[in-house]
Amino acid sequence: QVQLAESGGGLVQAGDSLRLSCAASGRTFNGGVMGWFRQAPGKEREFVTAITWSAGSTYYADSVKGRFTISRDHAENTVYLQMNSLKPEDTAVYYCTAGGHPTFYDHAGFYPYWGQGTQVTVSS
């Protein structure tokens, strides 16, 4: 199995930045997709961003485009989410996920592996 360990969440003010990390261990799947989803209270998981492991192609939800940046480190089997200009509406539990496919990068159901989530809270 693949295990994902997330870190970097916290409480920040609007306009601040955070950097989330997700380290993968166990089996890896070449050509797969890793990404980030988020879930606010009372809402379903929402696609945030994804990256193809091999080529590094990136995808972003419209709500975070221009503010968030996803990146990967092959040597460390780690994916990062740099979040700038944070807004209160970004408040959610952020989940790292792996094992997706590029055609369905924004569909949570296509990702078999999930981290435990890290809380991001943005106050006004």
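The structure under discussion appears in the preceding block.
Residue positions are given per chain, counted from 1 along the sequence in the order it is written. Where local features are concerned, this predicted model is filtered to residues with pLDDT of at least 70; where side-chain atom pairs are given and counted, the filter is 80 or more; whole-chain, interface and lining totals use all residues. Note that water and hydrogens are dropped before the side-chain values are worked out from all heavy atoms of the structure.

Trainee: What's the story with the packing of aromatic side chains in this structure? I'm lost.
Mentor: Note on aromatic pairs: each is described by the distance of the centres and the angle between the planes. Pairing of aromatic rings covers Phe, Tyr and the six-membered ring of Trp, with a centre-to-centre limit of 6.5 Å; geometry is then stacked below 30 degrees between planes, edge-to-face above 60, and tilted otherwise. One pass over the structure, following the stated rule, counts 7 aromatic pairs. Plain terms: the ring middles of Phe37 and Phe47 are 5.6 Å apart, the flat faces sit at 70° to each other, and that makes the pair edge-to-face. With Phe37 in strand β4 (residues 33-39) and Phe47 in strand β5 (residues 46-52), this pair connects stretches of sequence that are 10 residues apart. By relative accessible area, which is 1% here, Phe37 ends up buried. A ring pair is formed by Tyr59 and Tyr105, whose centres lie 3.9 Å apart and whose planes are at 15°; its orientation type is stacked. One end of the pair, Tyr59, is in strand β6 (residues 58-60); the other, Tyr105, is in the loop between β9 (92-100) and β10 (113-114), and 46 residues separate them in sequence. By definition, any uninterrupted DSSP run of H or I lasting at least four residues is a helix, any uninterrupted run of E lasting at least two residues is a strand, and each is numbered from the N terminus. Summary of the burial criterion: residues with accessible area below 20% of their type's maximum are buried, those above 50% are exposed, and those between are partly exposed, where the area comes from a 1.4 Å probe applied to protein chains only.

Trainee: For this particular structure, what's the right way to read unusual backbone geometry?
Mentor: Comment: phi is negative for the bulk of residues other than glycine, and the bulk of peptide bonds are trans. Positive phi values are uncommon outside glycine, yet Asn77 reaches one of about 50°. Here Asn77 shows up in the loop between β7 (68-73) and β8 (78-83). Look at Asn77 and you get partly exposed, because its relative accessible area is 26%. You will see that Ser85, though not glycine, has its phi angle at about 50°, which is positive. Within the fold, Ser85 resides in the loop between β8 and β9. Classification of Ser85 by relative accessible area gives partly exposed; the value is 41%.

Trainee: What should I look at first to understand the sheet that holds β8 in this one?
Mentor: Across a sheet, strands are paired by hydrogen bonds formed along the backbone, either parallel or antiparallel in direction. Strands are labelled as partners when DSSP assigns at least two bridges between them. One open sheet holds the 4 strands; their spatial order is β1-β3-β8-β7, and the pairing between them is antiparallel. In the strand order of this sheet, the two ends are held by β1 (2-7) and β7, each with one partner. Averaged over neighbouring strand pairs, the angle between their axes works out to 15° when direction is ignored. One ladder, built from 6 bridges, connects strand β3 (residues 18-26) with β8; its direction is antiparallel. Bridge pairing links Cys22 to Val79 in β8. Think of each axis as a best-fit line through the C-alpha atoms, taken over the contacting stretch in the case of a helix, with angles from 0 to 180 degrees between the N-to-C directions.

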